[in-house]
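Here are the chains, one letter per residue:
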Amino acid sequence: LMALTSINHENDIFWQLKLGEQIVVNHTFPTRDIYSSSAAGAIWTLHEWFPSAIFYVIYTHFGSAGLIVFKALVVTATFTLFMLLFNKLKANLYLSLLIFALTALVNTRGVWVVFPSIFEYLFIDITLYLMEIYRKNHAKVIPIFLCLFSLLWANSHGSFYLLTGIVGAYLIGDIVSPWLSQKWKWYKPDGPFFGKKERIWLIIVIVVSLLTPLLTPNGYITYLYPFTITFGKFTSYVSEYQHLFSIY
């Protein structure tokens, strides 16, 4: 219900639709600004082209209502997977519901928008869920899938480094947990979970996820984009970087 809100005209969904049109109809990646009168030809980092194409196709067939329903479905899938993850971790139900509610409150900031960031939250959930499965059964197909998944993430949202961070955290945690258990007797880890082969696969995933941003329309510029936008002078005007209380 929180996700079934009208389109917020203050975001750049219309820019996303225009980019999607260029990609789907003209089969081109607009990596330079072709609309600005003052900065024509300036480099445009096309780090969200895949969601833009999806939004355009949905809008063409189903209009604004279709975008809103699609947004609601993605958000619902995200939080459903979120709860399944808590269940797999055997977390306390009441604690899970509390964190669930707080996460929904922080991420909505009053309104869910039709924006590529909805894929970011879903991709985080997918990565964590797959890592928990890999932690239990060591299926080789999971790191292979994560390598391909990193390419999708790099072409969908500038948060692609999160996949590297999540996999790296699992690997480091698995390596240091035996040492910590020896140092502090009260520390009783469930692991280690990975053998030598599993750790090698995780290292491969990390390396591949660091290379896939280069396989985007902007190449190395996409690789640097998260740092550019995070420390840029316009960061305070980007809603994702504003504090929760300033939004309300």
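Residues numbered from 1 in each chain as written. Predicted model: local features only at pLDDT ≥ 70, side-chain atom pairs only at ≥ 80, totals over all residues. Heavy atoms only, no water.

K.L.:
Tell me about the nonpolar core, residues and numbers included.
P.N.:
Residues Phe-55, Leu-67, Met-131, Leu-146, Val-167 and Leu-202 are the most contacted members of the largest nonpolar core, which totals 31 residues. Contributions of two or more residues to this core are made by α1 (13-26), α2 (49-88), α4 (117-137), α5 (141-154), α6 (161-183) and α7 (196-211). By residue number, the principal contributor to this core is α4, which donates seven residues. For Leu-146, the residues in contact, after removing those within four places along its chain, are Thr-127, Leu-130, Met-131, Leu-163, Val-167 and Val-205. (Core = buried A, V, L, I, M, F, W, Y, C linked by side-chain atoms within 4.5 Å. Buried < 20%, exposed > 50% of the residue type's maximum accessible area, 1.4 Å probe, protein only. Helix = DSSP H or I, 4+ residues; strand = E, 2+ residues; numbered from the N terminus. Contact = heavy atoms within 4.5 Å.)

K.L.:
Residues and numbers for the packing of aromatic side chains, please.
P.N.:
Evaluation of the coordinates by the stated rule reveals 18 aromatic pairs. Ring geometry for Phe-82 and Phe-86: centres 5.0 Å apart, planes at 80 degrees, overall edge-to-face. Here Phe-82 and its partner Phe-86 are both found in helix α2, four residues apart, which amounts to about one turn of the helix. With relative accessibility at 14%, the residue Phe-82 sits in the buried group. (Phe/Tyr/Trp six-rings, centres within 6.5 Å; stacked < 30°, edge-to-face > 60°.)

K.L.:
Hey, could you go over α2 for me, with residue numbers and the actual values?
P.N.:
Across its 40 residues, α2 extends only 33 Å between first and last C-alpha, which sits more than 12% below the 58 Å expected from 1.5 Å per residue. The principal kink in α2, of about 130 degrees, is found at Phe-62. Just past α2, the residue Lys-90 takes up positive phi, approximately 55 degrees. (Expected span 1.5 Å × (residues − 1). Bend = angle between axes of the 7 residues up to and from the residue.)

K.L.:
Tell me what's going on with unusual backbone geometry, and back it up with residues and numbers.
P.N.:
Phi at His-27 is positive, roughly 55 degrees, even though this residue is not glycine. Mapped onto the fold, His-27 is located in the loop between α1 and α2. Looking at His-27, the relative accessible area reads 68%, which means it is exposed. For Lys-90, which is not glycine, the phi dihedral falls at a positive 55 degrees. You can see Lys-90 is positioned in the loop between α2 and α3 (93-108). With a relative accessible area of 73%, Lys-90 lands in the exposed category.

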